[in-house]
Structures are given as C-alpha cells and as structure tokens.
Amino acid sequence: MDEAKKSTKGPGSTPSRRRAICSNCRRRKSKCDSRQPQCSTCIAHNSHCHYDKPPSLAYVRSLESKIEKLLQERSASSTGRSWQENEHGSVCYHNPTSSFHEAPLSSGRSNSECNPPHEIPLASQESSVLQNDKIKLSLVSNAAAQRRFEAMAVEKMAAVQNEVSSEVASELLKFHWCWIHPMFQFVYRPAFTRGMALSSPNQPETSYFSETLLKVLLAHCARFRVQDRPYQDSASTVMGALSHQAHLSLAMKIAGPSSIPTIQALLQQSAREVAFGNSSQAWLYSGMAFRIAIDLGIHLPPERLRGYVKNLAAEDIEIRKRLFWGCYTWDKAISLYLGRMPAFTPAVESNDPVFMDDFTENDPWQPYYGSEDLQTRPLYSPQKGYMISCFTALCKLSMILSTIMLEIYGSSQEPRPDGDQQSSQSTKNSAFIRISTSIQKWWIDLPEHLRLNIKNLPDASPPLHIVSLNLLYHTTSVLLHRPFIIGATEFETPAISRSYQICIAACASIHDLLELLTNTFGYVHTTYLNCYSTYIAATIAVLHFQLQEESVSVPTSDVPSEKLGLKFFLGVLQKSATTMPGLARSVEIVKRHMQTIFDRRAKRYLESLFPDPSDGFVRNGIPKPTQPRGASNGSQIAGNYQQPYSGFNLEGLPAFPGQNFNVGADYPLEQEIMDPGFTAGFLGLDSHITLHHEDSDWAYSGFLLGDDIR
C-alpha cells in the first residue's frame, strides 16, 4: 500500500502520524515530501537538507508528570521572608536598612543565622544531583516544546505590533536569535516565545514578554536588513520607524512597575545605542537596567531566593540567573567600549554561572542572512552551537576583565604623594601576577570545542559567538600587558620582552580570527565586541609600525609582518562601520595618531637635512647637540632625533576608544587637548596608564603565548 493510501483517514480511523518537514522547507514555507536523506525540494534547490528531531510526545508527557510530582513534594512552612511581592505580583528585594520591609528575625539570632523558611530538612531531601537532573529534564523538555510552537507564536505578533508585517518581524527575530542572542543571552527564548503566543491586544505583556521588549528587539535587528538589499532606502525607513517606536515604548515602560522584560529591553537598547555611537544614551539605559535588576533581587543567589519565595518555579530561577549574568557580562563589555568603571559589580562567588537548561548547547547553528539571500550565500553546514558552554566561559572571562579594569586601569580621582604612588605601582604589579595566572587557568580550562587553535583554523568559521569568545580572550591578554610596553624605553629586560611578545602574538591571533570571520560571514554581521578587539589589535600594530624605524632593539618574533599590518585592521573597522556608525570614532583616533607619526618623522628628517648652525656641526647626516637635552628648543629637537625612541609612546591611542564625557550642552570640553589623567579622574579608568615591571621575573612561570604554554 502506498503512502497516499496509508495516510487516508476514515470516520473511525486513527489519525496518521505527522510527517517530518525539513528546516529549509519550513523556512521557505514550501511543500516537503519528507524523503530521506534529502527531500525533493532541497535536491532541486541544491541545498543541504536537515530534519529537526524534537523529543517525542511520550517523552515530554513523562517529564511533565515528573514535574507535577516534584511540585507536589515541595513543602511550605512559615511565610516570613526577606522578600516580598509588590502590588503587581513581582518579587521585590529590600536591604535590611529599608523602611519598606523588615526581614523577620528569630529571638536572639541574626537574619543570617536563620534557615530559609521553605528549606526542606536534610532527612527528607533527595540527593542534590538527582534533584538537579529532574530540574534540567523539565527545563530542556519545556524548551523543546516551545521551539515547536515558535512559528505559531510569531504569527501572533501582529496582535501586539503593527509597525511591520509578521513576515518581516519573523525575519528580524531570526536575525536576533542567530547573531545577537548567543553572546549575552539577555532574553530566555522559551519563556519569550510562550509569552508572545499568549499575548493579545488586551494583554500585550506576560511575565517574560512585553510589547516594548519585542519592539526593541526588532529595531536592533533592522540594521541587518539595510545592507546589501535592492530596497535599501525602504529598509532604512523601516529601521527608523521601528527605532522611534522602541524609544517611545521604552520611555512609557520605565514609568511603570519594574519587570524582567523591562530590564531585558533596556539592555538590548543599550547595545543598540553603543553600535550607533550614542555613548551617553547607552550608559543611561544600561544603568537603569542594573538598578531595576537590583530592585528585583536579580543579583542575589537563586538558590537562596527559592527558599524564600514559594511560588518561583525552576524556570523562574533559570531566567533570573541568566539575566544576572547577562547584566554582569554586558556591564564589562560597555565599560570597555566607553572606558568607564564597571557599574554592576555584585558578589559572584555564591552565584556560579551554571545553567540548568542546556537545550541550546547541541542546537544546530547556521548563519541567517535573510529570506532574499538564501540562494546567494555559500553553503554552510549546520554546526553545534555550544551556546551554554560559550556563555559560561564568557561569564568567567568577564570576571577577569572586571579585575583588570578595577585593579590595573582603575585610577584614583585624588592625587597621591610620591610614596603612595610607589605603593600603588606595587599593588598593580601584584594584581598583574594574579590576573595573568587567572587568564592562563581560564584558557586551559576552556572546553576543547570552544578553543580555536590559531595554527590549525578550519576553512569555514565556527559560530560567531565562539569566534567572539576567542577574540575577547586575546584582547584580554593585550589589555593586561599593554600598560607595561607603551611606557617602556627599552625591551631588553625579560619581563618587558615577554609582555611585548605576548601582545604581538595576540595581535596576530586577532588578525587570523577576524580574517576567518569576515571571509565566512562578511562584515555586516561583526559585532561591536569584535570591532573593539580589532581596535586593540590596531594599537599594537601601530606600536609595531613605529618600532620598525626607531633605533631601539625589540624582541624577535616569528609572527609574519603581514599579520601586524594596520591596513587590515582599519579595513575591518571601516567596513563594519556601515552598520555600526559608532566605529567611526575608533577609525578617526587611529588616523589622527598615524598622521602625527608621519608629521613628526617628516619634521625630524627635514631638521636632519637642514640643521640649525647654532646647534653644532653635522656628522654622518645626524646633528650633534652642543648643549644638554632640554637646554633650548633647538637642542631638544636634535636630541630627540639622535635618540628617537626617548620621546615615543602610545599616548595618542587610548585603550578605550569610546571614552568620552561632557558637563552639559552649554559647556563644551576640548576633548582632544585634555590631560589623560584628568579624563581618568572623571571616568575612573585610565586609558593611557603606563606601568613598570618589578624586579621579580614573572615571565618564566609558564605563561601562555598564543596557543602554546612556554
């Protein structure tokens, strides 16, 4: 009996099993004959055929029954807690000094000595491992179920937004889940999808979905549709309209009660403002997000929270934990962009980045270029996304970045006596040793599937977020060692030589990773974090360029000179600036500094050809000063030429290209002539800091150099 007869149903027949549809046919909304290994449609289009295989219905139902059993086993004791629900049903957190809420205390004992009211006695608890396995199963099964309903949820978007059609909105969300979401994971996709499916014009907001959040996501992703399209002007108009609606909706939303979707929308809007060069707005939106997160207790350990709030399910805990680390990682990223002190710095020791829902760990990742470009892009075989392990590694690396900014680049606003300056230098050197060890450990502990060996890179780039993680690692190495080489006048000591070699190796690694990334995905889909890594590598390329014609002995390196070329890094920044206008500032900084270098060289060369007779005689074309350096302007110039490196440094290239501030529209500041120390005093991070290695030689303690341990 053929397939058609098998699928025929009579009045009393059992419904036939639904046939699988390949991912390409589902995306094209075309008919699929479900043939294995490739359907006829994919064969006709010469495209890779892939079938998603969600968990079976029986498996999902068994997990649901286990969840129900676990919920019944939860015990409830006293109602006293240091948490409370506000009039809107949201969880609120108050410190012990708050006049709005007082935590219950047992007689003669402090609040820290009290057990959580809903804590189950040890005698009645199951093993923690078994409990975690049950929670993980429930979350994974829920994520799989929500993924199957995502298409239906997208069709309902028209009920809460009418700026764009459902087809365009669906395309924008695919851009988000592919290119933006995996790195910081502000939004928990299963809960967002479920809330979108349940939303309606009368109730456009649920616990984890809001109209404002949706509009912000669509506006952020609209920039991907503007590039390389025949209808670029209309796409730009749509992007402008979406951005306007997102701003209005967000302004109305922050006037209402605090909620998790509001935090997520503020974080996403902050990311968009950074990309478009609006640093003040980006800092404002992120600051509001951090404040609301603390107001809702997002910064406190979820395990303790579960003990005090009886109606929080496992999914609620997972969402809050992910949002905490989303805030933490974004705070470090935006601090790097803008050169400002980290603002979200709660204790992380009791809030490990361990996540229960690992559904997206093995979820296939494939680049999405838009519905019109499916046939014009090269074939890219789906790869495992490893989103959870990548995000976990980012959280741990962000802790190291936080320490670097606070303890290496952090600057006191008050001037110190000479003795205190020496003590500060010693403190920073001690921090350097500790941080360098942490970076080594992070790289060694990084899972093999996330570590990219520069000497053996694949032909096609791994998923964008994995490459971004590796780029950030090499950027972190440069940020740690950069202060020790930009103020050096010689590189003969082992410690300074080692720092220089590490920066050169990191610069070459960034070059190779960026080349792999742009060759595979193009420049449109690079992120601002990728471009910050590009800028940091450019500062080292400028240093290398200057040293080539200076009379100073530099350590030898086996890095090819083409990997240290400034032209490549500037090309990446300029081409990426088409979608991220904020990068124009980084390009301009490098351009001005290179112009200064050429002007200074030309001036010194002319002075060597036409020396001032009052300065003495000329020997071998080099003017010899007749007075000590500094005695007069003429002798100082001549002395600088005889010892050209003595006046050289990277002061014109700040570590944080977005470092900028103002004291009001009526009081413009001359940013270009400001003392770097003055800027650091205002913003907290010294973008031009120079440090000196102490006598202790850290260089031969097994520090990582590129992909090797030496």
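Keep in mind it's a predicted model, so treat the numbers as computed, not measured. Counting starts from 1 at the beginning of each chain's written sequence and moves along it residue by residue. The model is predicted, so local features are restricted to residues of pLDDT at least 70 and side-chain atom pairs to those at 80 or more, both for listing and for counting; the totals for chains, interfaces and linings are taken over all residues. To obtain the side-chain values, all non-hydrogen atoms of the structure were included, while hydrogens and water were left out.

Visitor: Outline the packing of helix 21 (residues 566-576) against helix 22 (residues 584-609), listing residues and values.
Guide: Direction vectors running N to C along helix 21 and helix 22 enclose 150°, while the axes themselves pass 9 Å from each other. The angle between helix 21 and helix 22 places the two elements in the roughly antiparallel class. Two packed elements cross with a definite hand, and for helix 21 against helix 22 that hand is left-handed. Within the contact between the two elements, helix 21 uses Leu 566, Leu 570, Leu 573 and Gln 574 and helix 22 uses Ser 586, Val 587, Val 590 and Met 594. Looking at the contact of helix 21 with helix 22 residue by residue, the class counts come to six nonpolar, two polar and no charged. Where helices are involved, their axes are fitted lines through C-alpha atoms of the stretch in contact, as for all axes, and angles between N-to-C directions lie from 0 to 180°. Only DSSP runs of H or I with at least four residues qualify as helices, and only runs of E with at least two residues qualify as strands; both kinds are numbered from the N terminus onward. Orientation is classified from the angle alone, with under 35 degrees giving roughly parallel, over 145 giving roughly antiparallel, 65 to 115 giving roughly perpendicular, and any other angle giving oblique. Crossings are classed by handedness, with left-handed meaning an anticlockwise turn of the near helix from the far one by less than a right angle and right-handed meaning a clockwise turn. Only heavy atoms matter for contacts: two residues are in contact if any of them lie within 4.5 Å across the pair. Just so you know the grouping, Ala, Val, Leu, Ile, Met, Phe, Trp, Tyr, Cys and Pro go in nonpolar, Asp, Glu, Lys and Arg go in charged, and all remaining residues, Gly too, go in polar.

Visitor: Account for empty space enclosed by the protein, naming residues and giving values.
Guide: A pocket, in this scheme, is an open set of points on a 1 Å grid over the protein atoms alone with protein on both sides within 12 Å along at least 5 of 7 lines, while a cavity is a set where a 1.4 Å probe fits but cannot get out; residues line either one if an atom lies within 4 Å of a point. Grid points are joined across faces, edges and corners, and a volume is the space filled by probe spheres set on the points. Under the criterion given, the structure shown has eight cavities of 30 Å³ or more. In this structure, the largest cavity occupies an estimated 360 Å³ of space. Around the largest cavity sit 29 residues that line it, and Ile 180, Phe 184, His 220, Ala 271 and Thr 527 are the ones nearest its centre. Of all the secondary structure elements, the ones that give two or more residues to the lining of the largest cavity are helix 7 (166-184), helix 10 (223-226), helix 12 (260-275), helix 15 (314-338), helix 18 (464-485) and helix 20 (528-548). For the lining of the largest cavity, the element with the most residues is helix 7, which contributes eight residues. Taken together, the residues that form the lining of the largest cavity break down as 18 nonpolar, 10 polar and one charged. There is about 120 Å³ of room inside the second largest cavity.

Visitor: Residue-level account of the pattern of salt bridges, with values.
Guide: By convention in these notes, a salt bridge is any Lys or Arg side-chain nitrogen within 4 Å of a carboxyl oxygen on Asp or Glu. Applying the stated criterion across every chain, the model contains 14 salt bridges. Between Arg 35 and Asp 33 there is a salt bridge, with its nearest N and O atoms 3.6 Å apart. When a residue's accessible area, from a 1.4 Å probe over protein chains only, is under 20% of the maximum for its type it is buried; when over 50% it is exposed; and in between it is partly exposed. Judged by its relative accessible area of 54%, Arg 35 is exposed. In this structure, Asp 358 engages Lys 136 in a salt bridge whose closest nitrogen and oxygen atoms are separated by 4.0 Å. Taken together, the residues Asp 358 in the loop between helix 15 and strand 3 (364-365) and Lys 136 in helix 5 (residues 128-148) connect sequence positions 222 residues apart. Judged by its relative accessible area of 30%, Lys 136 is partly exposed.

Visitor: Give a detailed account of the side chain of Thr 475, specifying residues and quantitative values.
Guide: Mapped onto the elements of the fold, Thr 475 is located in helix 18. The class for Thr 475 is buried, based on a relative accessible area of 1%. Each polar contact in these results corresponds to two N or O atoms within 3.5 Å; when the atoms are within protein, one needs to be able to donate a hydrogen and the other to accept it, and residues that are neighboring in sequence are counted only if both atoms are side-chain atoms. In this structure the side chain of Thr 475 is engaged in a polar contact, spanning 2.7 Å, whose partner is the side chain of Ser 533. Leave out the neighbours within four places in its chain, and Thr 475 touches Ile 510, Tyr 532, Ser 533 and Ile 536.

Visitor: So what's going on with the packing of aromatic side chains? Residues and values would help.
Guide: In summary, the pairing rule links any two rings of Phe, Tyr or Trp, Trp by its six-membered ring, whose centres are within 6.5 Å, and it sorts them by plane angle into stacked for under 30 degrees, edge-to-face for over 60 and tilted for everything else. In total, this model carries 28 aromatic pairs according to the counting rule given. Here the aromatic rings of Phe 568 and Phe 569 are separated by 5.6 Å at their centres, their planes lie at 70°, and the arrangement is edge-to-face. Taken together, the aromatic side chains of Phe 184, Phe 186, Trp 330, Tyr 337, Tyr 528 and Tyr 532 make up a single cluster linked through ring pairs. The side chain of Arg 340 reaches across the aromatic face of Trp 283, ending 5.3 Å from its centre. Across the ring face of Trp 443, the terminal group of Arg 451 is positioned such that the distance to the ring centre comes to 5.5 Å. In this scheme, Lys NZ or Arg CZ marks a charge over a ring once it lies within 6 Å of the ring centre and within 35 degrees of the ring normal.

Visitor: Lay out a nonpolar patch on the surface with the relevant residues and their values.
Guide: The grouping of Tyr 605, Leu 606, Leu 609 and Phe 610 at the surface amounts to a nonpolar patch, some 470 Å² of accessible area in total. Its location among the elements puts Leu 609 in helix 22. On the basis of relative accessibility, which here comes to 45%, the residue Leu 609 falls in the partly exposed class. Patches in this entry comprise residues that are over 30% relatively accessible and not in a salt bridge; like charges within 9 Å are linked, as are nonpolar side chains (Val, Leu, Ile, Met, Phe, Trp, Tyr) within 5 Å. Computed with a 1.4 Å probe, the accessible areas rest on the Shrake-Rupley method; for each residue, only the protein chains presented here act as cover.

Visitor: Quick rundown of the packing of helix 16 (residues 387-407) against helix 18? Include the residues and the values.
Guide: Contact pair helix 16 / helix 18: the axes reach a minimum separation of 10 Å and the direction vectors enclose 15°. Taken together, the axes of helix 16 and helix 18 are roughly parallel relative to one another. When you trace helix 16 past helix 18, the crossing you get is left-handed. Side by side, helix 16 and helix 18 meet where Met 387, Cys 390, Ala 393, Leu 394, Leu 397, Ile 400, Leu 401 and Ile 404 of the first sit next to His 465, Ile 466, Leu 469, Leu 472, Tyr 473, Thr 476, Leu 479 and Leu 480 of the second. Residues belonging to the contact of helix 16 with helix 18 are distributed by class as follows: 14 nonpolar, two polar and no charged.

Visitor: Can you tell me about helix 18, naming the residues and giving the values?
Guide: One less than the number of residues in a helix, times 1.5 Å, gives the span that helix is expected to have. With 22 residues, helix 18 ought to run about 32 Å at 1.5 Å a step, and its terminal C-alpha atoms sit 31 Å apart, in line with that. Roughly 30° is the biggest bend found in helix 18, and it falls at Leu 479, with proline Pro 483 one to four residues downstream. Here helix 18 lies mainly inside the structure; 22 of its 22 residues are buried. Bending is quantified residue by residue as the angle between axes fitted to the seven-residue window ending at that residue and the seven-residue window starting at it.

Visitor: Explain helix 7 residue by residue, including any values.
Guide: Its 19 residues place the ends of helix 7 26 Å apart at the C-alpha level, agreeing with the 27 Å of an ideal helix rising 1.5 Å per residue. Most pronounced at Trp 177, the bend in helix 7 amounts to some 40°.

Visitor: I'd like to hear about the state of the cysteines, residue by residue, with values.
Guide: Cysteine sulfur atoms are paired as a disulfide whenever they come within 2.5 Å of each other. Going through the model one piece at a time under the given rule, you end up with zero disulfides. Left without a disulfide partner, Cys 39 is nearest to the cysteine sulfur of Cys 42, which lies 3.5 Å away. Looking at Cys 39, the relative accessible area reads 0%, which means it is buried. The thiol of Cys 390 is unpaired, and the distance to the nearest cysteine sulfur, on Cys 395, comes to 9.7 Å. Among the residues examined, Cys 390 registers a relative accessible area of 2% and is labelled buried.

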